[in-house]
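# Chains, contacts and geometry: an overview
Spelled out, the chains give:
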Amino acid sequence: MIILFIADDDSDKIRNLATFEDNEFEISIAGSGTSVIETSRQLKLLDVDIVLFNVVSPEMAGVEYCKQLKEQFPKVKVIVFIGETDSDILLRIWLQKVDALLLNSTDKNELVSVIKRVMKGRKVVGDNIKPFFENGTPESGDIPFLTKTEIEVLT
């Protein structure tokens, strides 16, 4: 059983995307939050595997909250939905050690695939996200975990 939490001001959109059946595993949505305070409060009370987070949301704190999520809940995987394809923003989000980046237009099949890979410990960049590293262009799909030194070099 994989337990999801949705952090978005429009949780219905992500909830509809995350409502699917898969023969390999069961997925349950434990809750949702529309603000940083509400999300943090609920995550302290719930045992979740993955947070689905829309980084571009008027009620959420964006890139900084990604960092806060990973620091407060290090065992929780964070899959970030973005509408923005600006390389600088993508890199800033990635450097917060999120587990996956997906476009808001992601379909259910891609989300299922990404959840499976993230639960296996992989870092994933969605299929339609353009490369955002200046040196080298990672393929879409699995991205290796960056060490602290590698992140310092990139920044």
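Shown above is the structure to which this text applies.
Rules and cut-offs
The residue numbering used here restarts from 1 in each chain and proceeds along that chain's sequence as written. Side-chain atom pairs in this predicted model are given and counted only at pLDDT of 80 or more, local residue features only at pLDDT of at least 70, and totals for whole chains, interfaces and linings cover all residues. Note that water and hydrogens are dropped before the side-chain values are worked out from all heavy atoms of the structure. The term salt bridge refers to a side-chain nitrogen of Lys or Arg lying within 4 Å of a carboxyl oxygen of Asp or Glu. For helices the rule is a DSSP run of H or I covering at least 4 residues; for strands it is a run of E covering at least 2, with both sets numbered from the N terminus onward. Accessible area is worked out with a 1.4 Å probe on protein chains only. A residue is then buried under 20% of its type maximum, exposed over 50%, and partly exposed in between. Classification of ring pairs uses Phe, Tyr and Trp, with its six-membered ring standing for Trp, and accepts pairs whose centres are within 6.5 Å; under 30 degrees between planes counts as stacked, over 60 as edge-to-face, and the remaining range as tilted. What the arc describes is the spread of directions from the helix axis to the C-beta atoms.

### Considering the pattern of salt bridges
Within this structure, the stated rule accounts for 2 salt bridges. We note a salt bridge from Asp-99 to Lys-70, for which the minimum N-O separation is 2.8 Å. Of the two residues, Asp-99 sits in the loop between α4 (87–94) and β5 (100–103) while Lys-70 sits in helix α3 (residues 63–72), which places them 29 residues apart along the sequence. One exposure class covers both Asp-99 and Lys-70, and it is buried. A salt bridge links Lys-123 to Asp-99; its shortest N-O distance comes to 3.0 Å. Of this pair, Lys-123 sits in strand β6 (residues 123–125) while Asp-99 is found in the loop between α4 and β5, placing the two residues 24 residues apart along the sequence.

### Brief notes about the packing of aromatic side chains
Per the counting criterion, the structure on display carries 1 aromatic pair. Relative to Tyr-65, the ring of Phe-53 lies with its centre 5.6 Å away and its plane at 55°, an arrangement referred to as tilted. Separated by 12 residues along the polypeptide, Phe-53 in strand β3 (residues 50–54) and Tyr-65 in helix α3 bring together distant segments of the chain. Of the two residues examined, Phe-53 and Tyr-65, each falls in the buried class.

### Section: unusual backbone geometry
Glycine aside, residues mostly have negative phi, and peptide bonds are mostly found in the trans state. Even without glycine at this site, Lys-97 takes up a positive phi of about 65°. Relative to the helices and strands, Lys-97 is located in the loop between α4 and β5.

### Quick word on α4
If you check which residues of α4 are buried, you get Leu-90, Leu-91, Ile-93 and Trp-94. In an axial view of α4, the angular spread of the buried residues amounts to 160°, which keeps them on one side of the axis.

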